[in-house]
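Residues per chain are reported as follows:
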Amino acid sequence: MKRILIVGIGDNKNFKEEYILKSLSKLPYEIFILKPITASYWFSNFVTKKNIIIANFNNITECVSKVSLFCEFHNISFDAIFAFKEHMVVHASIIAQAFNCIHTSINNIFHASNNKLMFRKHYNTIMGKNIIKSDCSIVTTSKSINNINFPIVIKPIFGSSSCGVQLIQNKKQINEALKISRQSILDKFSDATDRNFITETYIEGPAFSVDGIIQNKNIIFAGINEYIYGPKPYFIQTGNIIPANISKNKIDLCLKSVSKIIKYFGYNNTPFHAEIILTPNGVYLIEIACRMPGGKIPRGYELAYGFNFVEQVVNLYLGKPVEFKKQYERQVIQKGKHIFKKCELLKVDIPKRLFKEQDFEQISFANEKNSYPSKNKPIYFYTVASNNIDTAIKKCNSIENAVHIYTT
């Protein structure tokens, strides 16, 4: 039986990682976890304690040492070593290289979302039509942006989940925006006390993710997901629509543009999650991550098409052929109901019948404080799967109209 080492696990149980572990448990492989010291052992139902390696992720040398000692003590080797988490892909690449496993290159990782400055600088050298570009500058205070044209988007050079990302309309907003963004980053990543930020030209248009895997320089697309966002100036993702509700011509434009960008960057042997803006003049790449899409997007693809994204990531790093084989096509909408203000929840009335809906889960409860934009979480989450977009939207409206939320 092949052995797979997953690098990194969440500190506490969440939907994304539980879904990943459930998917892995269905495969005919033995699963091991390289666990950070800070993470609790919440996943005992999926991985036995004897298959856990604990290491200090702030010291990559220690991580490699702990893995090598584990292999020596148990007289085993790993057939694949990789990560699903944004903040662990670098660790996974280094450890996989140390043990001669298939890996995503460090160059690919740092010319992607792990360093948005390096990514944007290289992206802006692409030539050709249909690829929209933006200016890029480092920002520390309002004094550092004298030559910037507004509106702009500010974002941390290294971050995730749109944390700390804001739209800024004029120079007067910079210092306050930096303060809010730094606090949001600190709330999400407790060790991120000195994050640096860049600004980019704000590009107007609907946002999508183009997702898939690159194997031996061959691009295999899983599909296109359409984002649902909360109100600006923040970019809080509240839902997904799979497949995206756009024309075939726009789908072709997205796929061709992302293919061109991937080839230009030389990405290879990696899952990818490319976030884009679609404009009348072409495609703007917000960023691309060298990992599987996060949140509940993989679950959305499975409900929409019948394939499992996690399984295909495993195939990539095992050196097996990757294939996103569609067994059917359904229209899926995944949504979280958010409150975009700081307040206290007084009461949440949810009819019992809704808990029987697909993936319906109450996340926030009475007497909890709702935080925004930092640490914002939905009141509840649900999924609708239907035969067409109109029916799916009607179902979403029916669910949301049935729930009553009372706040201060």
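It should be emphasised that the depicted structure is a prediction, and the values quoted were computed from it without experimental measurement.

Draft legend 1. Representation of the overall build of the protein within the structure. If you tally the helices and strands in the protein, you get 10 helices and 20 strands. In terms of overall size, the protein behaves like a compact globule, its C-alpha atoms giving a radius of gyration of 21 Å where 408 residues would be expected to give roughly 22 Å. On the principal axes, the C-alpha backbone points of the protein span a range of 60 × 55 × 45 Å. The buried share of the protein, reckoned over its 408 residues, is 55%. Put simply, 65% of the contacts in the protein that link residues at least 6 apart link residues at least 24 apart. With an accessible surface of roughly 19000 Å², the protein has 49% of that area assigned to carbon and sulfur atoms. Positive and negative side-chain charges in the protein, numbering 51 and 32 respectively, have mean positions lying 2 Å apart.

Draft legend 2. Here's a closer look at helix α8 (residues 297–305). Most of α8 sits out of view: eight of its nine residues are buried. All of the buried residues in α8 are I297, P298, R299, G300, Y301, L303, A304 and Y305. Remark: G306 follows α8 within two positions and exhibits a positive phi of approximately 95°.

Draft legend 3. Highlighting the sheet that holds strand β9 (residues 197–201). Spatially, β6-β9-β7-β8 is the arrangement adopted by the four strands of the open sheet, whose pairing is antiparallel. Single-partner strands in this sheet number two, and they are β6 (136–139) and β8 (166–168). The sheet shows a mean angle of 30° between the axes of neighbouring strands, taken without regard to direction. Two elements, strand β7 (residues 152–156) and β8, share three bridges in a ladder whose sense is antiparallel. The partner of V153 across the bridge, within β8, is L167.

Draft legend 4. Focus on the packing of helix α5 (residues 116–123) against helix α7 (residues 248–265). One can describe the packing of α5 onto α7 by two numbers: an axis separation of 11 Å at closest approach and a directional angle of 105°. As summarised for this structure, α5 and α7 are arranged roughly perpendicular, according to the angle between their axes. Every residue of α7 that contacts α5 at F119, H122 and Y123 is listed here: I261, Y264 and F265. For the contact of α5 with α7, the per-class residue count stands at five nonpolar, one polar and no charged.

Draft legend 5. How the structure looks around unusual backbone geometry. Following I242, the chain continues into P243 via a peptide bond in cis, with omega recorded as -5°. Structurally, P243 can be placed in the loop between β12 (237–242) and α7. For the peptide bond that leads from Y372 to P373, omega is 0°, which places it in the cis range. For P373, the location among the structural elements is in the loop between β18 (369–370) and β19 (380–386). At N75, a position not held by glycine, the phi torsion is positive, near 55°. Among the structural elements, N75 can be located in the loop between α2 (60–74) and β4 (80–82). Phi is positive for K217, which is not a glycine, with a value near 70°. Examined against the element boundaries, K217 turns out to sit in the loop between β10 (207–215) and β11 (218–229).

Draft legend 6. Inspection of the environment of V89 at higher detail. With respect to the helices, strands and loops of the structure, V89 is situated in helix α3 (residues 89–98). When the C-alpha atoms of V89 and S105 are compared, they prove to be 9.8 Å apart, with 16 residues separating the residues in sequence. Apart from the residues within four sequence positions on either side, V89 is in contact with A83, I109, N114, C290 and R291.

Draft legend 7. Structural view of the pairing of strand β14 (residues 282–289). Among the eight residues that make up β14, eight are buried, leaving the element largely enclosed by the rest of the structure. Bridge count for strand β5 (residues 131–132) against β14 is two bridges, and the pairing is parallel. For I132, the partnering residue across the bridge sits in β14 and is Y284. As paired strands, strand β13 (residues 270–279) and β14 are joined by seven bridges and run antiparallel to one another. From the neighbouring strand, A274 faces β14, where its bridge partner is I288. Connecting β13 to the next strand, β14, in antiparallel fashion are two residues.

What counts, and where the lines are drawn
- Residues numbered from 1 in each chain as written.
- Predicted model: local features only at pLDDT ≥ 70, side-chain atom pairs only at ≥ 80, totals over all residues.
- Heavy atoms only, no water.
- Helix = DSSP H or I, 4+ residues; strand = E, 2+ residues; numbered from the N terminus.
- Rg over C-alpha atoms; globule rule 2.2 N^0.38 Å.
- Buried < 20%, exposed > 50% of the residue type's maximum accessible area, 1.4 Å probe, protein only.
- Contact = heavy atoms within 4.5 Å.
- Areas by Shrake-Rupley, 256 points an atom, 1.4 Å probe, with all protein chains shown as cover.
- Lys, Arg positive; Asp, Glu negative; His and termini not counted.
- Charge placed at Lys NZ, Arg CZ, Asp CG, Glu CD.
- Pairing = 2+ DSSP bridges.
- Axes fitted to C-alpha atoms, helices over the stretch in contact; angles between N-to-C directions.
- Parallel < 35°, antiparallel > 145°, perpendicular 65-115°, else oblique.
- Nonpolar A, V, L, I, M, F, W, Y, C, P; charged D, E, K, R; others polar.

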